[in-house]
Amino acid sequence: MKLFRLLLSACLLFGSPGLHAVHAAVNRADNRTFIVNSTLDLPDSNPGDGVCQIEAEAGICTLRAALDEANAGSGGDTILFEIGNPQMVLSYTISVSAQGSLSIGKPVTIDGMNHNNRQIILDGAQAGSSTAGLRVLKGSDGTVLRNFVIQNFSSAGVSISQTGSLLVENNRIKHNHTGLSLHASNSSLLKGNAFHDNQYSGITISESQSTTIHQNEIYGNSGNAGIYLQESAGTLITENKIGLNAAGDIAANDSGIYIGKNSTESQIIGNVVSGNQKNGIGSDPEGVADTLIRGNIIGLNPQGNEPRPNGNTGISMRAVRTVIGGTQPGHWNVIAANGRGGIFVIGDDCVITGNRIGTNMAGTAAFGNGGYGILAGGTYGNEHTDNLRILSNIIVDNDGAGISALNLLDPVIQGNSIGVGANETPLGNGLHGIWVRYGQGYLIGGLDASQANRIENNAQAGIRVLAADQGKEIRMLGNQIAGNGGKGIEWVVNAGNSRPAAPSAPSTRVAKTHVNLTGSLQAQPGDYTIEVFVNDHC
């Protein structure tokens, strides 16, 4: 019996849809075009003959049959859709059957927008366990997938393996186990898609090189992260919205971006990463290196004027050679309103520079993080933090210390504004401006005016130092420290050790051209620098 009725789902406006037109393939030796005109999920009757046609009825071309023909050819084919009467439905659903995933083994371009601007939905509710929607396999380099809705698959909506140079654009991939999985593939572009409400992650990239993830909406993925990287290199993540829906409201991923073990040279640039349950951006401690995080909004809405907090820390990196921010306009990150803190970093040779932490892009409004502004260092197994640079950041309105430094070796903290926003806005932090706990080789400030930290308006000490003994070099030079709730500099040494005594109050003689100071210092032999602070009000 001939099949005249199409199994179309949902969105009926009126009547029973029929075939808008019946087309077989345009049969050319290369770069053929197959026109899908049915929502049935049946295979081709004779793969390789160049005609897309199911066995049950001549002239009926299904998506599975079109792929059978494309896979039997030499590659470079196009698959388009002309299904139904343009007046009857808003979308067409292909219910993928228990035959399994729709597989792509040769380069092909598939456009999931029907000829009447109705979208094609691939639905996996009946496909069985461990089934992906579209499975892109080795040998399909250069494949293009666009304009589909892909939903309800027990594995990935789109699974890509051992191929490269793919373009996946303008798809909506939702309610699958994983939105898109890309494995052992190179130089692919994921652009303009929506990955949302998947059970595990929106996008998983593993053992792949030079993937670009650009201008996607990634939200509501509950099991792992919006974007999850594993053992991948050179991933560029740019201009995505991660953790917020299209309206800019919170639709949390578990974490925003997670950089998994042995992932290197990742670049995270110009994204909005807000509203996620855990960290906005985080990393595994094993083998992660050379990450660049620049120009992102983390914890606010896309306009940067309302809080959309990540539940834990804005950026949490346990990795070497991480660069967070930059000094050029547009290079700094805005990291504000997050639940636990702004930035946590542990790992050697990291740089945190030019960021707005606890404030808006202009540095004038209070959007403090729930804990510290920056927490650097600590002791976690064999991890350590050497040669950290914290330079030229605005760090204000955080509930904890502006900068909390724990057991660092040879860090440099220079040019930061801690407790003072742009345009002299007083936005003190809730504890100390800078809190140093152990470590050695600190340089806080410097002799050049540009190296001085401005530390004002903080609730407790300007700088508080907790040291195991006085033999650990901690230099504090040229800083501007005023208006804090505690001492300008507070030095605490563990019981059983001593700290260097402050110099005796100097006698002062003022002449026309100079000031003579005379005093003494009680300390162990060595080289010391004594700074004299001037107060205009006394």
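Residues numbered from 1 in each chain as written. Predicted model: local features only at pLDDT ≥ 70, side-chain atom pairs only at ≥ 80, totals over all residues. Heavy atoms only, no water.

Chemist: Any chance you could explain the overall build of the protein chain here in plain terms?
Modeler: Looking only at helices and strands, one finds one helix and 48 strands in the protein chain. Going through the 538 residues of the protein chain one by one, you find that 52% of them count as buried. Sequence-distant contacts in the protein chain: of pairs separated by 6 or more residues, those separated by 24 or more amount to 68%. Of the accessible surface of the protein chain, which amounts to about 21,800 Å², a share of 48% is contributed by carbon and sulfur atoms. (Helix = DSSP H or I, 4+ residues; strand = E, 2+ residues; numbered from the N terminus. Buried < 20%, exposed > 50% of the residue type's maximum accessible area, 1.4 Å probe, protein only. Contact = heavy atoms within 4.5 Å. Areas by Shrake-Rupley, 256 points an atom, 1.4 Å probe, with all protein chains shown as cover.)

Chemist: I'm lost on helix H1 (residues 63-72) in this one. Help?
Modeler: In an α-helix, one turn spans 3.6 residues, which is why side chains three or four residues apart end up on the same side. The buried fraction of H1 is high, at seven of 10 residues. Buried residues of H1: Leu63, Arg64, Ala65, Ala66, Leu67, Glu69 and Ala70, and no others. Next to the buried residues of H1 lie strand S1 (33-36), strand S2 (77-81), strand S3 (91-95), strand S4 (102-104), strand S5 (108-111) and strand S6 (119-123).

Chemist: Is there a simple way to explain the side chain of Asn193 in this structure?
Modeler: One can find Asn193 in the loop between strand S14 (189-191) and strand S15 (194-196). With near-sequence residues (within four places) excluded, Asn193 lies in contact with Val168, Glu169, Asn170, Asn171, Gln215, Asn216 and Glu217.

Chemist: What is the right way to read the state of the cysteines from this model?
Modeler: In protein chemistry, a disulfide is the covalent bond that joins the sulfur atoms of two cysteines. Under the definition given, this model contains one disulfide. Paired through a disulfide, Cys52 and Cys61 show a sulfur-sulfur distance of 2.0 Å. One quick way to see it: the torsion about the S-S bond of Cys52 and Cys61 is about 90 degrees, and its sign makes the bridge right-handed. Residue class for Cys61 comes out buried when judged on its relative accessible area of 0%. (Disulfide = S-S within 2.5 Å.)

Chemist: Just checking my understanding: could you explain unusual backbone geometry for this structure?
Modeler: Leaving glycine aside, a negative phi is the common case for residues, and trans is the common case for peptide bonds. Even without glycine at this site, Asn147 takes up a positive phi of about 70 degrees. Relative to the helices and strands, Asn147 is located in the loop between strand S8 (144-146) and strand S9 (148-151). One non-glycine residue, Asn457, lies in the positive phi region at around 70 degrees. Topologically, Asn457 is positioned in the loop between strand S42 (454-456) and strand S43 (463-467).

Chemist: How should the packing of aromatic side chains be read in this particular structure?
Modeler: By the definition in use, this model includes two aromatic pairs. For the pair Phe81 and Phe148, a centre-to-centre distance of 5.9 Å together with 85 degrees between the ring planes defines the contact as edge-to-face. With Phe81 in strand S2 and Phe148 in strand S9, this residue pair connects regions lying 67 residues apart in the sequence. A cation over an aromatic ring shows up here: Arg356 above the ring of Trp332, its NZ or CZ 3.8 Å from the ring centre. One residue, Arg437, lies across the ring of Trp435, its end atom 4.2 Å from the ring centre. (Phe/Tyr/Trp six-rings, centres within 6.5 Å; stacked < 30°, edge-to-face > 60°. Lys NZ or Arg CZ within 6 Å of the ring centre and 35° of its normal.)

Chemist: What is the right way to read the pairing of strand S22 (residues 255-259) from this model?
Modeler: Buried residues dominate S22, accounting for four of its five residues. Examined bridge by bridge, strand S19 (residues 225-230) and S22 share four bridges and lie parallel to one another. The residue of S22 that forms the bridge with Tyr228 is Tyr258. As paired elements, S22 and strand S25 (residues 281-283) share three bridges and run parallel to each other. When the bridges of S25 are listed, Tyr258 appears paired with Gly282. (Pairing = 2+ DSSP bridges.)

Chemist: Could you clarify how one ought to interpret the confidence of the model for the protein chain in this entry?
Modeler: Where the model shows low pLDDT, its predicted coordinates should not be examined in detail. For the protein chain, the mean per-residue pLDDT works out to 89, and 85% of the residues sit at or above 70. Within the model, the stretch residues 1-29 combines pLDDT values under 50 with 68 contacts to residues more than four positions away or in other chains. (pLDDT = per-residue confidence, 0-100.)

Chemist: Honestly, the environment of Thr109 in this entry has me stumped. Any pointers?
Modeler: For Thr109, the position within the fold is in strand S5. Judged by relative accessible area, Thr109 falls into the partly exposed class, the value being 23%. The residues touching Thr109, leaving out its near neighbours within four places in the chain, are Asp77, Thr78, Ile79, Val144 and Arg146.

Chemist: Even after reading the chapter, I still don't get the pattern of salt bridges, so can you show me in this structure?
Modeler: If charged atoms from side chains of opposite charge come close, those side chains can pair. One pass over the full model with this rule turns up 10 salt bridges. For Lys278, the salt bridge goes to Asp254, with nearest N and O atoms at 3.4 Å. Placement of the pair is Lys278 in the loop between strand S24 (272-273) and S25 and Asp254 in the loop between strand S21 (241-242) and S22, with a sequence separation of 24 residues. Using a relative accessible area of 43% as the deciding quantity, one classes Lys278 as partly exposed. Put simply, Glu424, Arg454 and Glu456 are held in one network by salt bridges that share partners. (Salt bridge = Lys/Arg side-chain N within 4 Å of Asp/Glu carboxyl O.)

Chemist: Where do I start with the environment of Ser283 in this structure?
Modeler: In this structure, Ser283 sits in strand S25. Classification of Ser283 by relative accessible area gives buried; the value is 9%. For the pair Ser283 and Lys261, spaced 22 residues apart in sequence, the C-alpha separation works out to 7.7 Å. When neighbours within four sequence positions are excluded, Ser283 is seen to be in contact with Tyr258, Ile259, Val288, Ser316, Met317, Arg318 and Ala319. Looking at Ser283, its side chain comes within polar contact range of the main-chain nitrogen of Arg318, at 2.9 Å. (Polar contact = N/O pair within 3.5 Å; in protein donor to acceptor, adjacent residues only side chain to side chain.)

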